[in-house]
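Okay, here's what each chain looks like letter by letter:
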Amino acid sequence: MSENVYDLFVIGAGSGGVRAGRMAAGFGAKVAVAESRYLGGTCVNVGCVPKKLFSYAAHYGEGFHDAQGFGWRSEAPHFDWPTLRDNKTKEIERLNGIYQRLLENAGAEIIHGHASIKGPGEVQVGETTYRAKKILLAVGGWPFVPDIPGKEHAITSNEVFYLDTLPSHMTIVGGGYIATEFASILQGLGVKITQIYRRDLFLRGFDSELRQQLADEMTQRGIELLFNENVTAIEPSDDGYRLTLENGGSMETGLVLYATGRKPAIDGLGLNNTKVKVDKGGYIVADRLFQTDEPNVYALGDATGGAELTPVALAEGMSLARRLFDNDNRPLDYHLIPTAIFSQPNLATVGLSEDASKEQGIDIAVYTSKFSHLKHTLSGNPSKTLLKLIVDKQSDKVIGAHMLGDEAGEIIQGLAVAIKAGATKADFDSTIGIHPTVAEEFVTMREPSR
Ligand code: NDP
């Protein structure tokens, strides 16, 4: 038994756990953060950060090609995977060090090892039992691969960042964020890609017009999209793997990446020693104030479901630390969370899609603009940018903004502030554009498309 009694014992040093632990320590609480794997969690190690670095790498490939129309000449560029992989790993190790210092400088203690709740106010890590007044479960998630014969041959987003070599052909199963981003990234790095999705159009929940346009853009770049299809078995073959397909037939591929969602990482957490409830999906049940059914045990981030996004976990971590140790009881506002798919081109969105607005019975005006980026007049790249605003006709408020095109995430982040502040279409119209930019189209869409 450790001598110390912590005010807050955080299990999981990912985005939410580190933010909560750091802030709580900053408010004067005695904090421990236990982590069994890597500091920074999924986002820093096998998620957002390395993914974005890879996405930049993929964009350079297209950039070399586009530059020729602007007069640039060079030998055919050659991509070296080990350089990207290893430079990325060095950067991630640097970030691991930063996370360690952030926690230590705030006065939090880092405990390396798998933590599990032993009983009320008691957490076990290895041979040591720690006592804590409050416990935070910020354990994140882990890739889920459906139970099909040969599933052990599939890799997930955990492994794709560390491959020894890139295969010439890869199959990606799933139609969500990770599958679509990695289809674009790996295609951009020179891998021939087949993406398989079980329904008729990927990125369910996003605006259908953008989903379709992204499908067209990806197909144009050479990605094979197999929709209304699934893989029912994987077996090793001479050149990689043979996949049995649900609609009959089979295909050969060099490697299979499964990106079919993630499940909360609650194994061995000792929840059976508590009253903490877990729902059908395996998510920890917690209320809007992160309280579980066990007194003094809280949960937040991906392990609780909802929008599984780093900025949401960060906001939740801050909100909980403020409430527990700084007397600030304001609940977190989950309304209008912007998000982006770092596909090629990027797709970003805030607010309601056209489909969702109609489903909710809102009388809307839809403004769209589809055009060729000025850059592509000389590059010859056939890619089109698509911008879309959804306006509530009754209030004139812009209730959704959607973009498919270069730097869509950067642009939608700015619009998210305006929309959250309640901007009307009249406010957009009276805003002067920055010329020539892509984003100025958002303030010059005069006539509704429908
Ligand atoms: P998603 O939930 O985004 O997508 C999962 C996909 O897998 C869906 O297309 C789903 O289909 C499909 N699927 C689920 N089960 C099966 C199955 N048994 N067989 C075939 N297909 C299946 O999960 P991801 O793994 O892509 O990402 C996990 C989370 O991480 C995301 O929800 C997101 O919140 C976060 N993330 C965010 C990123 C960002 O902000 N840019 C980047 C990457 C991840 P269906 O549509 O039919 O359900």
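Here, every reference points to the structure presented above.
Everything numeric here is computed off the predicted structure, so don't read it as measured data. (Residues numbered from 1 in each chain as written. Predicted model: local features only at pLDDT ≥ 70, side-chain atom pairs only at ≥ 80, totals over all residues. Heavy atoms only, no water.)

1. Quick look at the overall build of the chain
Each helix and strand in the chain was counted, giving 12 helices and 21 strands. Computed over C-alpha atoms, the radius of gyration of the chain comes to 24 Å, within 12% of the 22 Å expected from 2.2 N^0.38 for 450 residues, which places it in the range of a compact globule. Reported as C-alpha extents along the three principal axes, the dimensions of the chain are approximately 70 × 60 × 45 Å. In the chain, which comprises 450 residues, the proportion classed as buried is 52%. Within the chain, counting contacts between residues at least 6 apart in sequence, those at least 24 apart form 64% of the total. Accessible surface, the chain: about 20,900 Å² in total, of which carbon and sulfur atoms supply 51%. Distance between charge centres in the chain, computed from 44 positive and 56 negative side chains, equals 4 Å. (Helix = DSSP H or I, 4+ residues; strand = E, 2+ residues; numbered from the N terminus. Rg over C-alpha atoms; globule rule 2.2 N^0.38 Å. Buried < 20%, exposed > 50% of the residue type's maximum accessible area, 1.4 Å probe, protein only. Contact = heavy atoms within 4.5 Å. Areas by Shrake-Rupley, 256 points an atom, 1.4 Å probe, with all protein chains shown as cover. Lys, Arg positive; Asp, Glu negative; His and termini not counted. Charge placed at Lys NZ, Arg CZ, Asp CG, Glu CD.)

2. Looking at the site of the ligand
Taken together, 21 residues are adjacent to the ligand, and Tyr197, Arg198, Arg199, Arg204 and Glu308 come closest. Between a nitrogen atom of the ligand and a side-chain N or O atom of Glu181, the distance comes to 2.9 Å. Within the side chain of Arg199, an N or O atom sits 2.5 Å from an oxygen atom of the ligand. Among the elements that take part in the shell around the ligand, helix α6 (residues 177–188) stands out by supplying 3 residues, more than any other. Of the residues contributing to the shell around the ligand, the split by class is 8 nonpolar, 6 polar and 7 charged. (Near = heavy atom within 4 Å. Polar contact = N/O pair within 3.5 Å; in protein donor to acceptor, adjacent residues only side chain to side chain. Nonpolar A, V, L, I, M, F, W, Y, C, P; charged D, E, K, R; others polar.)

3. Some thoughts on the nonpolar core
With 51 residues, the main nonpolar core has Val160, Met170, Phe182, Phe202, Val231, Ile234 and Tyr258 as its most contacted residues. In terms of residues, this core owes the most to one element, α6, which gives 5 residues. Setting aside chain neighbours within four positions, we find Phe182 in contact with Lys51, Phe54, Val160, Phe161, Ile172, Gln187 and Leu257. Ranked by size, the runner-up nonpolar core spans 27 residues in total, among them Val31, Leu39, Val44 and Leu300. (Core = buried A, V, L, I, M, F, W, Y, C linked by side-chain atoms within 4.5 Å.)

4. Focus: the environment of Val443
Tracing the chain through its elements places Val443 in the segment after α12 (425–429). Taking the relative accessible area as the measure of exposure, Val443 reaches 12% and is therefore buried. C-alpha of Val443 to C-alpha of Glu246: the two residues are 197 residues apart in sequence and 46 Å apart in space. If sequence neighbours within four positions are ignored, Val443 has contacts with Phe428, Asp429, Thr431, Ile432 and Gly433.

5. Things to note about the side chain of Asp392
Tracing the chain through its elements places Asp392 in strand β20 (residues 385–392). Lys397 provides the closest opposite charge to the buried, unpaired Asp392, separated from it by 8.3 Å. Discounting chain neighbours no more than four positions away, the residues touching Asp392 are Ile362, Asp363, Lys397 and Ile399. (Salt bridge = Lys/Arg side-chain N within 4 Å of Asp/Glu carboxyl O.)

6. Comments concerning the packing of helix α3 (residues 48–67) against α6
If you want to describe how two helices pack, look at the angle between their axes and the distance between the axes. It is the contact of α3 with α6, at a shortest axis distance of 8 Å, that shows an interaxial angle of 45 degrees. For the element pair α3 / α6, the angle class is oblique. In this structure, the crossing between α3 and α6 has a hand that is left-handed. Together, Lys51, Phe54, Ser55 and Ala58 of α3 and Glu181, Phe182, Ser184, Ile185 and Gly188 of α6 make up the contact between the two elements. Split by residue class, the contact of α3 with α6 holds 4 nonpolar, 3 polar and 2 charged. (Axes fitted to C-alpha atoms, helices over the stretch in contact; angles between N-to-C directions. Parallel < 35°, antiparallel > 145°, perpendicular 65-115°, else oblique. Left-handed = near helix turned anticlockwise from the far one by under 90°.)

7. Considerations on helix α7 (residues 208–220)
Helical geometry: 3.6 residues make up each α-helical turn, so side chains three or four residues apart lie on a common side. Look at α7: 18 Å from first C-alpha to last across 13 residues, which is about the 18 Å you get at 1.5 Å a residue. Residues of α7 that are buried include every one of Leu210, Arg211, Gln213, Leu214, Ala215, Glu217 and Met218, and no others. By the N-cap criterion, in which a side-chain oxygen at the helix start approaches the backbone nitrogen of a residue two or three places on, α7 is capped by Asp207, the distance to Glu209 being 3.1 Å. (Expected span 1.5 Å × (residues − 1).)

8. Let's talk about unusual backbone geometry
Excluding glycine, residues mostly have negative phi values, and the peptide bonds linking residues are mostly trans. Residue Pro345 is bonded to the preceding Gln344 through a cis peptide linkage, with omega at 0 degrees. Each neighbour pair has its own omega, and for His435 with Pro436 the value is -10 degrees, a cis peptide bond. With respect to the helices and strands, Pro436 occurs in the segment after α12.

9. So, the sheet that holds β20
Ordered by their spatial adjacency, 5 strands build an open sheet running β17-β18-β21-β20-β19, and the pairing between neighbours is antiparallel. At either margin of the open sheet sits one strand with a lone partner, and together these are β17 (339–341) and β19 (364–371). With strand direction ignored, the average angle separating the axes of adjacent strands in the sheet is 10 degrees. Across the sheet, α7 is in contact with β18 (347–351), β19, β20 and β21 (398–404); its angle to β21 comes to roughly 5 degrees. (Pairing = 2+ DSSP bridges.)

10. Focus: α3
Look at α3: 28 Å from first C-alpha to last across 20 residues, which is about the 28 Å you get at 1.5 Å a residue. Within α3 the residues assigned to the buried category are Pro50, Lys51, Lys52, Phe54, Ser55, Ala57, Ala58, Asp66 and Ala67. Buried positions along α3 lie against α2 (41–46), α4 (81–106), α5 (157–160), α6, α10 (375–379) and α11 (408–420).

11. Description of the state of the cysteines
Counted by the stated rule, this structure contains 1 disulfide. Two residues share a disulfide in this structure: Cys43 and Cys48, whose sulfurs sit 2.4 Å from each other. Across the S-S bond linking Cys43 and Cys48, the dihedral sits near -135 degrees, which makes this disulfide left-handed. By relative accessible area, Cys43 is classed as buried at 11%. (Disulfide = S-S within 2.5 Å.)

12. Quick word on the packing of aromatic side chains
For the structure shown, the criterion picks out 9 aromatic pairs. Relative to Trp81, the ring of Phe54 has its centre 5.3 Å away and its plane inclined at 70 degrees; by these criteria the two rings are edge-to-face. In this pair, Phe54 is assigned in helix α3 and Trp81 in helix α4, connecting sequence segments 27 residues apart. An angle of 90 degrees between the planes, with centres 6.1 Å apart, marks the rings of Tyr197 and Phe227 as edge-to-face. Placement of the pair is Tyr197 in the loop between β9 (192–196) and α7 and Phe227 in the loop between β10 (224–226) and β11 (231–237), with a sequence separation of 30 residues. Put simply, the rings of Phe54, Trp81, Phe161 and Phe182 touch in pairs and so form one group of aromatic residues. The ring of Tyr162 carries the charged tip of Lys88 above its face, separated from the ring centre by 3.7 Å. Between Lys263 and the ring centre of Phe144, over which it is positioned, the NZ or CZ distance is 4.7 Å. (Phe/Tyr/Trp six-rings, centres within 6.5 Å; stacked < 30°, edge-to-face > 60°. Lys NZ or Arg CZ within 6 Å of the ring centre and 35° of its normal.)

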